[in-house]
Amino acid sequence: MPDNPYPNPYQSPAANIGGLQGVGGGDGVSSAAVDILVRTRPWALFVAVLGLIGVGFMVLAAISLMALFERTGSGGVGMVLALLYFAMAAIYALPCIRLVQYSSAISQLRMTPTSGALENALDKQRAFWKTIGIMILVGILIGVVMAILSATTASSISTRSYYD
């Protein structure tokens, strides 16, 4: 039976631009797309490992602070600083974990190059950038609040010393 000479004008167009063949059994995932993501995997893993090493150093610093301040008799200050370091380590660990998940999803894509595996890898990448974006917004907010507090504190100090 020949093709319909009058195709549906409202149907979405379909084209195989560049002649790329799907590697996932007609799943629509090109080998070039898989290759590009596979080449980003070592860098994502490298950054994640370095970040997790930094998180480990932050945890060691927190434990050292607790021990140091406990020995000097001011354990309360050491505990507050240690908790601050533990919180910072947890916050910095989040994007590193997201990068490890992204790297793992790329490995899965390499083994099974299907559109589902590609979508999973891209979703892990999206989650990483969402985490980074939220961290940047929170950092900007904290910076604005600190600037306002610094300005009001400086103004209060300069006003008191001027009139006293």
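Residues numbered from 1 in each chain as written. Predicted model: local features only at pLDDT ≥ 70, side-chain atom pairs only at ≥ 80, totals over all residues. Heavy atoms only, no water.

J.: Provide a residue-level description of the side chain of threonine 131, including the pertinent values.
T.: Positionally, threonine 131 belongs in helix 3 (residues 115-163). Under the relative-accessibility criterion, threonine 131 is labelled buried at 11%. Once residues lying within four places of it in the same chain are set aside, the contact partners of threonine 131 are Leu94, Pro95 and Arg98. (Helix = DSSP H or I, 4+ residues; strand = E, 2+ residues; numbered from the N terminus. Buried < 20%, exposed > 50% of the residue type's maximum accessible area, 1.4 Å probe, protein only. Contact = heavy atoms within 4.5 Å.)

J.: Would you mind going over the layout of surface pockets in detail, with residue names and values included?
T.: In this structure, the largest pocket encloses a volume near 200 Å³. Leu84, Ala87, Met88, Ile91, Tyr92, Met135, Val138, Gly139 and Ile142 together form the lining of the largest pocket. The biggest single contributor to the lining of the largest pocket is helix 2 (residues 75-111), with five residues. By residue class, the composition of the lining of the largest pocket is eight nonpolar, one polar and no charged. (1 Å grid on protein atoms, 1.4 Å probe; cavity = no way out; pocket = protein on both sides within 12 Å on 5 of 7 lines; lining within 4 Å. Points joined across faces, edges and corners; volume = space filled by probe spheres on them. Nonpolar A, V, L, I, M, F, W, Y, C, P; charged D, E, K, R; others polar.)

J.: Residues and numbers for the environment of valine 38, please.
T.: Relative to the helices and strands, valine 38 resides in helix 1 (residues 31-72). Separated by 67 residues in sequence, valine 38 and alanine 105 have C-alpha atoms that sit 9.9 Å apart. With residues up to four places along the chain from it excluded, the contact list for valine 38 reads Ile106 and Arg110.

J.: Summarise a nonpolar patch on the surface; cite the residues concerned and give the values.
T.: On the surface, Trp43, Phe46, Val47, Val49, Leu50, Ile53, Phe57 and Leu60 cluster together into a nonpolar patch covering about 840 Å² of accessible area. By the element assignment, phenylalanine 57 lies in helix 1. By relative accessible area, which is 55% here, phenylalanine 57 ends up exposed. (Patch = residues over 30% accessible without salt bridge, like charges linked within 9 Å, V, L, I, M, F, W, Y side chains within 5 Å. Areas by Shrake-Rupley, 256 points an atom, 1.4 Å probe, with all protein chains shown as cover. Salt bridge = Lys/Arg side-chain N within 4 Å of Asp/Glu carboxyl O.)

As far as function goes, none of this settles anything; it's purely spatial.
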